[in-house]
Amino acid sequence: MNVSFIGVGAIGLPMAKRLIPHCSVTVFDLATDRVKELVQLGASSAESAAKAAAASEIVIVMVATPEQLESAMFSTDGAAEGLRTGATAVIMSSVGIESVTSVADRLSQQDVHVVDAPVTGGVVRAVTGELTILVSGTDEDIEKVTPVLQHLGTNLARCGSRVGDGQAVKLVNQLLCSVHLAVAGEALNFAKQLGLNPGSVLETVGAGAAASFMLNDRGPRMLSTEEPPVLSAVDIFVKDSTLVKDAATRVGAKVPLLEQANAKFREVSASGLGRSDDSAVIRGFEG
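Just so we're clear, the structure is a prediction, and the values are computed from it rather than from any experiment.

Rules behind the numbers
- Residues numbered from 1 in each chain as written.
- Predicted model: local features only at pLDDT ≥ 70, side-chain atom pairs only at ≥ 80, totals over all residues.
- Heavy atoms only, no water.
- Pairing = 2+ DSSP bridges.
- Helix = DSSP H or I, 4+ residues; strand = E, 2+ residues; numbered from the N terminus.
- Right-handed = clockwise from strand over helix to strand, strands pointing away.
- Core = buried A, V, L, I, M, F, W, Y, C linked by side-chain atoms within 4.5 Å.
- Buried < 20%, exposed > 50% of the residue type's maximum accessible area, 1.4 Å probe, protein only.
- Contact = heavy atoms within 4.5 Å.
- Lys, Arg positive; Asp, Glu negative; His and termini not counted.
- Salt bridge = Lys/Arg side-chain N within 4 Å of Asp/Glu carboxyl O.
- Phe/Tyr/Trp six-rings, centres within 6.5 Å; stacked < 30°, edge-to-face > 60°.
- Lys NZ or Arg CZ within 6 Å of the ring centre and 35° of its normal.
- Axes fitted to C-alpha atoms, helices over the stretch in contact; angles between N-to-C directions.
- Parallel < 35°, antiparallel > 145°, perpendicular 65-115°, else oblique.
- Left-handed = near helix turned anticlockwise from the far one by under 90°.
- Expected span 1.5 Å × (residues − 1).
- Arc of directions from axis to C-beta.

*Asks:* Hey, could you run me through the pairing of strand E6 (residues 113-116) in this one?
*Replies:* For a regular strand, side-chain orientation follows a simple rule: the groups alternate between the two sheet faces. As defined by bridge partners, strand E5 (residues 88-91) adjoins E6 across four bridges and the pair is classed as parallel. Opposite Thr88, over in E6, you have His113 as the bridge partner. Note on the crossover from E5 through helix H6 (residues 97-108) to E6: the handedness is right-handed.

As structure tokens, this is what we get:
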């Protein structure tokens, strides 16, 4: 099966790696070092998103922001120029409901199908192929891409028949992740201020009712004496929590805890840590 992969960043890179043993993979990304790494593993490279899209019937797009999705799809030499009639674009980016439905509406004029399939699980589960994939679209379109998605995730959650339903579920997910991440930083800094050993506290509370994935995954990086590798940047949570906040405003939902988390991520980003690992949110509580 031929699959094209546009966007091989922190999560996209390990996802593309997992496809190479099973599919004929063509990749495009502005970061040529990542493309070269994939080519060494057996992928083919394309000079543009358009040429990547033209190489396959299934085209996965994994970029970071709505603006990047717009550019990857519709700029000069964007994927839309190369997508074949009847092809399926799988949007695996977390970009919000309006962004993905706008893409789907425009591509439908080219007789191109869209599956909405944002992921959750982070870099760790992208590497192991244990992502949860929040899939929405028609049954026919989902069935077509399922053999590919099964190499990327162990939980293909059917979120609805409408493109955009997957993004909606991801917004709920990111509300929780944003609050959990921010409060993990708040709690571990609180432990320090109480004169406790925060590592011991993390081990203790991380095994009890207060545990969460974000606490146990990010906590050790928050407490590390060395700068952790950037697995997910602070600015990604600025973007995600802002998407949640904007969606809540549109539907009239009250999300006060999310608003506080969003403000904290913005504060930490404004301090110069936007491209640091998102565990740096603890710095916002340290003063």
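Having seen the model, we can carry on.
*Asks:* I'm lost on the nonpolar core in this one. Help?
*Replies:* Buried together is how nonpolar side chains tend to be arranged in soluble globular proteins. Membership of the largest hydrophobic core comes to 31 residues, with the highest contact counts inside it found for Phe5, Met15, Leu19, Ile60, Val90, Met92 and Ile133. Those elements giving two or more residues to this core turn out to be strand E1 (2-6), helix H1 (12-19), strand E2 (24-28), helix H2 (32-40), strand E4 (58-61), strand E8 (131-136) and helix H8 (139-149). Every residue in contact with Met15, bar those within four places of it in the chain, is listed here: Phe5, Met62, Met92, Val119, Ala126, Leu131 and Leu152. Of all hydrophobic cores here, the second largest spans 25 residues; its members include Ile6, Val61, Ala104 and Val114.

*Asks:* Where do I start with the side chain of Asp141 in this structure?
*Replies:* Along the chain, Asp141 turns up in helix H8. Buried charge without a salt bridge: Asp141, with Lys144 as the nearest opposite-charge side chain at an N-O distance of 6.6 Å. In this structure Asp141 touches His113, Val114 and Val115, once residues within four positions along its chain are discounted.

*Asks:* Any chance you could explain the packing of aromatic side chains here in plain terms?
*Replies:* Centre distance and the angle of the planes are the two values used to describe a pair of aromatic rings. The full count for this structure, using the stated rule, is one aromatic pair. Geometry around Phe74 places Arg106 over its ring, the cationic atom sitting 3.9 Å from the centre. Of note, Lys264 hangs over the ring of Phe285, and the distance from its end group to the ring centre comes to 4.6 Å.

*Asks:* How should the packing of helix H9 (residues 165-193) against helix H10 (residues 198-205) be read in this particular structure?
*Replies:* How two helices sit against one another is set out by the angle between their axes and by the gap between those axes. Where H9 meets H10, the axes come as close as 9 Å, and the angle between the chain directions of the two elements is 130°. Classified by the angle their axes make, H9 and H10 are oblique. Where H9 crosses over H10, the two elements pack in a sense that is right-handed. Between H9, through Leu188, Ala191 and Lys192, and H10, the contact on the second element is made entirely by Pro198, Val201 and Leu202.

*Asks:* Where do I start with H6 in this structure?
*Replies:* In an α-helix there are 3.6 residues to a turn, and that puts residues three or four apart on one side. Counted at 1.5 Å a residue, the expected span for H6 with its 12 residues is 16 Å, and the 16 Å between its end C-alpha atoms agrees. If you check which residues of H6 are buried, you get Ser99, Val100, Val103, Ala104 and Leu107. Here the buried residues of H6 occupy an arc of 130° about the axis, which is enough to place them on one side. Contacts made by the buried residues of H6 are with helix H4 (66-74), helix H5 (79-82), E5, E6 and H9.

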